[in-house]
Amino acid sequence: MSEFVKRIATIIVLVSILALLFLYGTNTSLVFTIYLVTLLSFNEWLSITSKPKYYIVPFFILLCLIDYNKWIDIGLFSLFYLILLIIMMYLTFNHESYLREKIKQHSLLYGVILNLSFFLFLLNLYPYDHTLGTKSYLLDNKHYFIILISLVSFIDMSAYLSGKLIGKNKITSAISPNKTYEGYIGALVLTTFTFIMVSHHFNFQWTSMDIVLLLVFIVMVFFGDFLMSLIKRIFEIKDTGSLLPGHGGVLDRLDSYFTSLPIFYLWFMF
């Protein structure tokens, strides 16, 4: 079976699972899925960084404690995490060797931060009513998951197609040398244009701030892919795993979500 066929088959299976979850799932099954995906992702992180697998037990306990106690203010956390990502972005493009060294030295900490933030954002992907002080169920807000997945998938797809069709000028970086400027610019233009057209179709009243946040979101999606490429080069691997035929591992699929979720949360939840 060719890699292309494997990729298509995997996409069909994943989309089918998500469709069943959103159509017939319960709030409990959605929360369970978030736990499962986070643990699979952290397990791959332990594998690629050669850390003992027993670390997954205290990490699971940490997830349960945070979920049960609800002591983290997700709004403040999103700002803190976004600042951390901006610092990492600066280091990636200006002090790459320093960042490589730090990720290698503190790989467990980086893995906990990336996966824990992913877990927190998804588990709180619903608007908080500041007036009434109430929260709704995740399943009642599943449309936010659909918007998030659709946006990230469209950006990835448009960047890939733009790069293949018109990509000529490769970016000057050893981290991801096959990417082109045309691919990135094409994704920016196509995603922005599509967002405006879809908004008009559904009578969504967008503002200039929505466009600004969308552009920042797109950039963070790009950075997630770039950051995971750097991490794979640090630990000298091609794929983070083999769980998803034709796509690599779970980490390979979540890279853009790790970096774009804080912007998405601030954009749609506040």
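Quick summary incoming for the structure in this document. Sequence positions are assigned chain by chain, starting from 1 and proceeding in written order. Reporting in this predicted model follows two pLDDT cut-offs: at least 70 for local features of residues, and 80 or more for side-chain atom pairs to be given and counted; totals over whole chains, interfaces and linings ignore these cut-offs and use all residues. Side-chain figures throughout are based on the complete set of non-hydrogen atoms in the structure, without hydrogens or water.

### A short note on a nonpolar patch on the surface
Inference 1: Surface patches are defined over residues having more than 30% relative accessible area and no salt bridge, joining like charges when they lie within 9 Å and nonpolar side chains (Val, Leu, Ile, Met, Phe, Trp, Tyr) when within 5 Å. All accessibility values rest on the Shrake-Rupley procedure with a 1.4 Å probe; residue burial counts only the protein chains present in the view. We define a salt bridge as a contact between a side-chain nitrogen of Lys or Arg and a carboxyl oxygen of Asp or Glu at a distance within 4 Å. Nonpolar side chains collect at one region of the surface, where Met157, Tyr160, Leu161, Leu165 and Ile166 lie side by side and expose about 560 Å² of accessible area between them.
Inference 2: Relative to the assigned elements, Leu161 resides in helix H7 (residues 142–166).
Inference 3: Only protein chains enter the calculation, and the probe is 1.4 Å; a residue is then buried if its accessible area is under 20% of its type maximum, exposed if over 50%, and partly exposed in between. Judged by its relative accessible area of 41%, Leu161 is partly exposed. Here a helix means four or more residues in a row that DSSP labels H or I, a strand means two or more in a row labelled E, and each is numbered from the N terminus.

### Notes on the packing of aromatic side chains
Inference 1: Any Phe, Tyr or Trp ring, taking Trp's six-membered ring, that has another such ring centre within 6.5 Å forms a pair; planes under 30 degrees apart are called stacked, those over 60 apart edge-to-face, and the others tilted. Scanning the model with the defined rule gives 20 aromatic pairs in all.
Inference 2: Here the aromatic rings of Tyr54 and Tyr55 are separated by 5.1 Å at their centres, their planes lie at 40°, and the arrangement is tilted.
Inference 3: Under the relative-accessibility criterion, Tyr54 is labelled exposed at 56%.
Inference 4: Cluster of aromatic residues (ring-pair linked, three or more members): Tyr144, Phe195, Phe204, Phe217, Phe264, Trp267 and Phe268.

### Side note on the packing of helix H4 (residues 74–94) against helix H6 (residues 107–123)
Inference 1: Axis separation between H4 and H6 bottoms out at 11 Å; the angle between their running directions is 140°. Our classification of the angle between H4 and H6 gives oblique. Once H4 is placed against H6, the crossing between them reads as left-handed. Within the contact between the two elements, H4 uses Ile74, Phe77, Ser78, Tyr81, Leu84 and Met88 and H6 uses Tyr110, Ile113, Leu114, Ser117, Leu120 and Phe121.
Inference 2: For the contact of H4 with H6, the class distribution of residues is 10 nonpolar, 2 polar and no charged. Working convention: axes come from line fits to C-alpha atoms, limited for helices to the stretch in contact. Angles between N-to-C directions cover 0 to 180 degrees. Any angle that falls under 35 degrees is termed roughly parallel, while one over 145 is termed roughly antiparallel, one within 65 to 115 roughly perpendicular, and all others oblique. The handedness criterion is simple: a crossing whose near helix is rotated anticlockwise from the far helix by less than a right angle is left-handed, and one whose near helix is rotated clockwise is right-handed. Two residues form a contact once any of their heavy atoms are found within 4.5 Å. Three classes are used: nonpolar for Ala, Val, Leu, Ile, Met, Phe, Trp, Tyr, Cys and Pro, charged for Asp, Glu, Lys and Arg, and polar for all others, with Gly counted as polar.

### Some remarks on the packing of helix H3 (residues 56–69) against H6
Inference 1: At their nearest, the axes of H3 and H6 sit 11 Å apart, and the two run at 35° to each other. The element H3 and its partner H6 pack so that their crossing is right-handed. Across the interface between the two elements, Phe59, Leu62, Leu63, Ile66 and Asp67 of H3 pack against Val112, Asn115, Leu116, Phe119, Leu120 and Leu123 of H6.
Inference 2: Of the residues belonging to the contact of H3 with H6, the class tally is 9 nonpolar, 1 polar and 1 charged.

### Digging into the environment of Met228
Inference 1: Locating Met228 in the fold gives a position in helix H9 (residues 208–234).
Inference 2: The buried category is assigned to Met228, whose relative accessible area is 3%.
Inference 3: Taking the C-alpha atoms as reference points, Met228 and Asp239, 11 residues apart in sequence, are found 9.9 Å from one another.
Inference 4: Setting aside residues up to four positions removed in sequence, Met228 forms contacts with Thr240, Leu251, Asp252, Asp255 and Phe258.

### Some thoughts on the pattern of salt bridges
Inference 1: On inspection of all chains with the given rule, the structure shows 5 salt bridges.
Inference 2: Note that Glu96 is salt-bridged to Arg100, the shortest N-O span being 2.8 Å. Residue Glu96 and its partner Arg100 are located together in helix H5 (residues 96–105), separated by 4 residues, close to a single helical turn.
Inference 3: The class of Glu96 is partly exposed, set by a relative accessible area of 25%.
Inference 4: Relative accessible area serves as the criterion here: at 26%, Arg100 is assigned to the partly exposed category.
Inference 5: Here Asp225 ties to Lys179 by a salt bridge, and the two come within 3.2 Å at their closest N and O atoms. On the criterion of sequence distance, the pair formed by Asp225 in helix H9 and Lys179 in the loop between H7 and helix H8 (181–201) is long-range, its members being 46 residues apart.
Inference 6: For Asp225, a relative accessible area of 22% puts it in the partly exposed group.

These values are about where atoms sit, not about what they do.
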